[in-house]
Each structure stands twice: as structure tokens, then as C-alpha cells.
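Summary of the model geometry
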Amino acid sequence: MTAIVPVPVGLTVAALLFCIGLIGVLVRRNIIVILLSIEMMFNACGLAFVFAGSYWLQPDGQVMYFFILTVAAAEVSVGLSLVLQMYRQFGSLDVNTINRMRG
Amino acid sequence: MLSLLWLVPALPLAGFLILVLGGKRLSHQAVSVVAVGSTGFSAIVAILVGATHFRFAPGGGAYSQTLWQWMRVGDFAPSVTLSLDALSLTMMLVVTIVGFLIHVYSTAFMAADEGYGRFFAYMNLFVASMLILVLADDLLFLYLGWEGVGLCSYLLIGFWYKDRDNVRAALKAFWVTRAGDTALAIGVFLLFTSFGTLRIHAILENVAGYPVGAPLCNVAAALLLAGAVAKSAQLPLQVWLPDAMAGPTPVSALIHAATMVTAGVYLIGRMHALFLKAPTALFIVAVIGATTLLLAAFSAVTQHDIKRILAYSTISQIGYMFLALGVGAWAAAIYHFVTHAFFKSALFLGAGVVIQALGGEHDIFRMGGLRRRLPVAFWAFMFAALTLAAVPPLTLTFNSKDLILNQVWLSGRSGAVLWALAAAGSLLTALYTFRMAFVVFLGPEQTRPMDKPPLWMLVPFAVLSLLGAVIGVPELLNALTGVKGFYYYLDSAMSGPVHEFDASVTEWVFQGIYVAISAIGIALAYVFYEHALAYVRSVTATRVGSLLHRLLFAGWGFDWLYRHLIAVPYVRVARLNRGDVVDLLYVAVAHVSRGINMLLSLTVNGNVRWYAAGVAAGAVVVLGLVVLL
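Residues numbered from 1 in each chain as written. Chains lettered and ligands numbered in written order. Predicted model: local features only at pLDDT ≥ 70, side-chain atom pairs only at ≥ 80, totals over all residues.

This paragraph deals with the overall build of chain A. In terms of regular secondary structure, chain A is built from three helices and zero strands. Ordered by position from N to C terminus, the α and β elements of chain A give α-α-α. Against the globule reference of 13 Å for 103 residues, chain A gives a C-alpha radius of gyration of 17 Å, more extended than a compact globule. Across its three principal axes, chain A shows a C-alpha extent of roughly 55 × 25 × 25 Å. The proportion of buried residues among the 103 residues of chain A is 12%. The long-range share in chain A, meaning contacts at least 24 apart out of those at least 6 apart in sequence, stands at 48%. (Helix = DSSP H or I, 4+ residues; strand = E, 2+ residues; numbered from the N terminus. Rg over C-alpha atoms; globule rule 2.2 N^0.38 Å. Buried ≥ 20, exposed ≤ 12 C-beta atoms within 10 Å, placed from the backbone. Contact = placed C-beta atoms within 7 Å.)

Right, here's the structure in full:
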């Protein structure tokens, strides 16, 4: 097992992925895409964990990734059911139509 | 028997508690029994304790009884301790006996008043506070009594609170005496920081080690003097006493003639060792006394209201006591206090009898010819008036003022000037006293009395008047036969410079002068107000005469002076400061906070992505800080 990808490169990729996800959350209005972007941020974190684990030769990074995967799965199931409800209530997937808790 | 001392203040206090807690549930009868009973038993215990103390004066002449420790903060441990020596014994007896007689009188005087229970609750509290004041062995405990009597004075002046004028008079009395109380409190603080104790005996022992004229002694004495001046209605804080006559007449008799207003005299007498080390303060005491007695006597001559005449007379007589204190004649001052307490409260009670018989008439010129209708009151009033004007041999107490005058004459430096002022005051005393007595009781009848005064008003009045006239007998025996009387008894407790005339002939000459002064005053009163009233009226009608009359009538315009010197500028400053300058800073803080709040509440727009952006930006800032720093 040799490190094919050097650690700094891997971490940079993770950071880029995270930023792309974050920008997606901030700029997109479609809630499905927002959920997708959140998944992307989860996976960026997971990638960083795995790289860190391989750098210190510890299995903890990969263990942590499984936890993240579990949380992401739970989040997606709850999130998608909420999206379903939202579509039934408002007939739209645009988050700006549900900003009624203002102020 | 001495250990019963605590009962003396405790009984009236218990009476007060019963009356306050019982409130309106107590019947008229029950209120009388509790109020008169508690003060009566207190007087009996006081007499028994006093007699025991007199016979077996414990070592040093002072008996002290520690009841409990009040509090303990570090070294500061004031205790509730009563102390009995010749001075406090005298004061205690006067307070309880006069208090008891006036309580009896009040049961008849206030019988028809709706605030009967309230009145006696305040009166009992007053007697208890006054006893604490005179018996306290600790300055803090004394201060408790001092404030207690001030409170009762305020409550009782404003007793008929539905009349705005009465409330105003009560507030005036409270504020003016408060000015002095503050000075007294500062004096007490100064004594504590200097000596580390507030026990009077310990302080006086410490003071003995200081040289005469030490700055500390002078400052402390001056502060105590300021308190005494306000409480005893002396120049320049005498303005509250004439207005205090708004209270019921028994209150004027008990509080504003016999007891509370002499608290200042007591305080100076109690702290006399301190004042001996402060010759400057002591000289100020004498000057204040001499000036006050003369100015107040002038005002008394012009008043129409019988109670205001007596009020100015009280100020004037307390002036005599201050004068005596000022020349170091402690015993003479206390002796005059005792006789004054009896005859002046008798005069007030007599005024109450007359006022009530005439249905609330206060103006002496609408009275007149009451001699036939109220014979008992006439004779009792005359005896008290003779005692006030000091006329031997009709009264046996004539020498209380003369002793003061003698001591002033003999005090050396500036004694003659002060003596002349006091002698002039004597003439005026006789003049205003008999002006009042003649106008009220002789001459043609103006208003017909409605009914006979009740027995329970006449009896205490007559008893007080008689006591006032004969209380000086031991002193008289001293003068005639050389038996050591009251004066020497007091002097044993309060050693001061006692001066004696070189020859007894000189003393007799002076005695003759005093008698002549009194006689001239009475004769003037008789001539002016019985035969030449029209002439007096014409004099006061001239331009200078009416100006002078108005000035004296208004008590030398001190009220006007204080209004323009203190009240008006104060109101003006308050008006300028209506926006509250100091508050602006705090208002600004509030405004800035509100602005920031409005700015931040713009961000709460319900847009989740906006919040997420906020979180991200915050995280970037924190990360940036972590990386850069």
C-alpha cells in the first residue's frame, strides 16, 4: 500500500469539494440541489478524514467515514421526506417560497 | 430595684406595640388604659429606680445595665446599654412624669378625635424613644432615640393630616431637624473613627487625654452642636418650631416644650467633657444661646396666636439653657430645663384648655375676661406664668434663670455682654408672658366659653403648674440655709467650673436686679395691654412701627431668607436640570444599543440560505484568525 496521491493534494481536493458544496447550498434555490450539495460537503469531510487517517497510518479516519456515511443516509431519508411534504404543501421546490418564519 | 431600669423605656414601647397592633379593634376605653397605664407604670418605676439610685449611687455615680449586644462588625460592637447617672436620672424623671400627666390630659383633650388610638400610639412611641435617648450609654443607641423622637415629632405635627398646612409644617420640622441630624451623624462617625468606640463614657475618658482646643475636639463638638441646634430650635435652625404648633396642643406641650426640644441641651450636657476641650465651640454655644433667647423673645411679644407665643417663648428659654451650657454652667442649664419642662408644659396645657373652651380660638385678642369663667385654669396659668417670669415669692422656682444669669456674669471673658443680653431677655420674658396672661384672662369678655373644661384636663394642668412652682424648693433651701440642693447633686455628676460670688451681698444685689427686671416687665405688660392698648396699636400703626412689627411677627424673616437663599435657587436648579444632565450618558447607551438592534434585526429575514452564509462567513473568520494568529 503506497500513497498514490500525496496528502496535500488530497486535502486540497477535499477543500475544493467542500467549497463547491457550500457555494451550491448558498446560491441554488432548488431544494433537491441544496440537498445534493450538502451530500457533497459530507463526502468532502469524509475524504479529508480518510487522507488524515492514511497520513498517520490510523484506521480511525476510515471508521469515521462510515459514521459520516450513516448520518448522511439518515439525513437524506429525512430530508427527502421533508422535500416531498414541501412539494405537496407549496407545489414548488423553490426554498424562497417557504421563508415565512422571517423576523 | 435598679435592675428594673429597662422597664422604664420598655413599658411605653410595649404600649405602642399594643396600640399599633390592636389598631381600630381596641375600644376607646382600652386605648386610654393601655396608653396612660404604660406611661404611668413607667413613671412609677422611674421614681422607684431614681430613689434607689439617689440613695445608693453606685460607684462613680453611674449605673449601667447592658441588655444585649446590638451587632458585631469587626471591632464595632455597639450594645444596647442603659446608663443612669444624675443627668439621665433627672431627664428620665421629667420625661416620665410630664409624659404621664400629659397622657392623662390627652385622654380628655383628644376624646372626640377619630384618630384617638393613632394619637396615643405615637405618644407612647415618643415617650419610649425619648427615654432611650436619655438613658442610652452608646452614641448609636442614643442616635436611635434621637431619630425616634424626630419621627414622632413629624407624625404628631402632621397628626391632622387632612389639612395641607399641617402636613407642610410637619415636613418643615422634619427637613430642618434632618439637616442637624446629618451633622450629628457625621460627628458620631468622626468620634468612632478617632476613638474606635461609641460608648459615651469611653469617649469622654479618651477625650480627657487631649489638650484644650485640640482640632478634633473642636470639630466633633461643632458637629454635635449643629445637631443640637436643629433639634432644640436654636438660631439659625429655629424656624420649624413655631410652625410645629400645627400639632395637637398636648403634643406641643410634651414634645415641643418639655422634652424633645431639650434633647440638644441634654446632648451637650452629656458630652460636656468634649465641649470643655473645645472652647471655640463652647463659646459659639453661648453666643447662639444669647442671640436666640433675645430674638425669640422679641418675636414672642408680637404674636397673636397663643401657641405661637409659647413656641417663641420655648425657643427663648432653650436659648437660656444654651447660654448656660456655653459658659460651662451645666447644672444650671439642666436645672432650668427641669423647671421649664414643668411650667412650659403647664402653660401649653392651659392654652389647650382655653382653646378648647372657646371652640378652637387661637387669637389672644379674641379671648379676654376668662378669669371668671375658668377660675381654676386662671390660677394654674398664672402660677405657671409667674414661674416663667420668675417672680418671687409667688413662685418658689424663680431662681432657675437667675442661676444662669449669675454664672454668665461670673464666666469672665465677654460675660458682661452676654449677661446684658440675657437680662434684656428676662425683661421681654416677663413682658410677653404677662401680655398673654392679661389679655387672655383679664379685661372685657370677648368670646363666651362654650362649656366647662373637663376635670381630667384641669387636674394635670394644675399639678404641672404647681410642680413647676415648687420644684425649686430644694434649691431655695440651698440659697437660704446652705443645704446642698439639686444644683450640687447635678454638679457632682457633671463637674464644671462653678463660680461663686465673693460676697453674699453681691448675690443679693443681683437677685434684687432680677426681681426688679421681672417686675418692670409685668408692669409694662399691665400698663400697655390693660390700659393703653390703643396706644400700642397706634405705635404699631406708624410706618416704622408696623415695619418692625411685621419683621418681628414673621420671626425676623428667617423663613423669607431661607426661601430665597435655599428653596428658590434649589427649585431653579431643579428646573434647569429638568432633562437630567447626568442621565444623558445612560440614555445614549440605550440609544446606541437600540440602533445596533435595528441593524441586526435586518439580517433575520427568514431566508435559510442567508443564515447558512452567515455561519460560513463566521467559520471563515474564525479559521482565518486561527491560521493568522
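With that out of the way, let us pick up the overall build of chain B. Each helix and strand in chain B was counted, giving 28 helices and two strands. In chain B, buried positions account for 51% of the 629 residues. Excluding contacts between residues fewer than 6 apart, the proportion of contacts in chain B whose partners are at least 24 apart in sequence is 80%.

Moving on, we get to the confidence of the model for chain B. Any region with low pLDDT has predicted coordinates that should not be read closely. All names here are of chain B. Taken as a whole, chain B shows an average pLDDT of 85; of its residues, 94% reach a score of 70 or greater. Per-element averaging of pLDDT across chain B places helix α22 (residues 486–493) at the bottom with 66 and helix α27 (residues 583–601) at the top with 92. Both scores are available for the predicted complex, with the pTM at 0.78 and the ipTM at 0.80. (pLDDT = per-residue confidence, 0-100.)

Here we come to the nonpolar core. Val98(B), Leu323(B) and Phe461(B) are the most contacted members of the largest nonpolar core, which totals 211 residues. One finds Ala14(A), Leu47(A), Ala48(A) and Phe51(A) within the second-largest nonpolar core, a separate group that totals five residues. (Core = buried A, V, L, I, M, F, W, Y, C linked by C-beta atoms within 7 Å.)

Right, let's talk about helix α28 (residues 608–628) of chain B for a bit. Over its 21 residues, α28(B) extends 30 Å from the first C-alpha to the last, a length consistent with the 30 Å expected when each residue adds 1.5 Å. Among the 21 residues that make up α28(B), zero are buried, leaving the element largely open to the surroundings. (Expected span 1.5 Å × (residues − 1).)

Turning to the environment of Pro250(B), a few remarks are in order. When you line up the elements, Pro250(B) lands in helix α10 (residues 249–258). The spacing of Pro250(B) and Phe348(B) is 98 residues in sequence and 7.3 Å in space, taken between C-alpha atoms.

All right, on to helix α3 (residues 60–90) of chain A then. Every α-helix winds through 3.6 residues per turn, so residues three or four apart in the chain are directed the same way. With 31 residues, α3(A) extends 44 Å from end C-alpha to end C-alpha; this agrees with the ideal 45 Å at 1.5 Å per step. Looking at the residues trailing α3(A), positive phi occurs at Gly91(A), about 65°.

Mapped onto the elements, Ile309(B) comes out in helix α14 (residues 306–326). Taking C-alpha positions, Ile309(B) is 10.0 Å from Arg435(B), a pair spaced 126 residues apart along the chain.

Note the cis peptide between Leu235(B) and Pro236(B), where omega equals 0°. Here Pro236(B) is to be found in the loop between α8 (215–231) and α9 (240–243). Phi at Leu57(A) is positive, roughly 55°, even though this residue is not glycine. By secondary structure assignment, the location of Leu57(A) is in the loop between α2 (31–55) and α3. With 8 C-beta atoms packed within 10 Å, Leu57(A) lands in the exposed category. Notably, Ala233(B) is not glycine yet its phi reads approximately 55°, a positive angle.

Let us now look at the packing of α8(B) against helix α13 (residues 279–302) of chain B. Between two packed helices, what matters for the description is the angle formed by their axes and the separation of those axes. All names here are of chain B. Put simply, α8 and α13 touch, their axes get as near as 8 Å, and they point 25° apart. With respect to α13, the element α8 is oriented roughly parallel. Contacts between α8 and α13 involve Asn-218, Ala-221, Ala-222, Leu-225 and Val-229 on the former and, on the latter, Thr-280, Ala-281, Ile-284, Val-285 and Ile-288. Within the contact of α8 with α13, the residues separate by chemical class into eight nonpolar, two polar and no charged. (Axes fitted to C-alpha atoms, helices over the stretch in contact; angles between N-to-C directions. Parallel < 35°, antiparallel > 145°, perpendicular 65-115°, else oblique. Nonpolar A, V, L, I, M, F, W, Y, C, P; charged D, E, K, R; others polar.)

Another point: the packing of α14(B) against helix α18 (residues 399–410) of chain B. Residue and element names in this part refer to chain B. Between α14 and α18, the shortest axis-to-axis distance is 9 Å and the interhelical angle comes to 35°. α14 and α18 meet at a crossing whose hand is left-handed. On α18, the residues touching Tyr-320, Leu-323 and Ala-324 of α14 are Lys-401, Ile-404, Gln-407 and Val-408. Broken down by class, the residue content of the contact of α14 with α18 amounts to five nonpolar, one polar and one charged. (Left-handed = near helix turned anticlockwise from the far one by under 90°.)

Here the focus is the environment of Gly227(B). Residues and elements named next belong to chain B. Tracing the sequence through the fold places Gly-227 in helix α8. Put simply, Gly-227 and Leu-151 are 76 residues apart on the chain and 15 Å apart in space, counted from C-alpha to C-alpha. Every residue in contact with Gly-227, bar those within four places of it in the chain, is listed here: Gly-180, Asp-181, Ala-183, Leu-184, Gly-187 and Leu-267.

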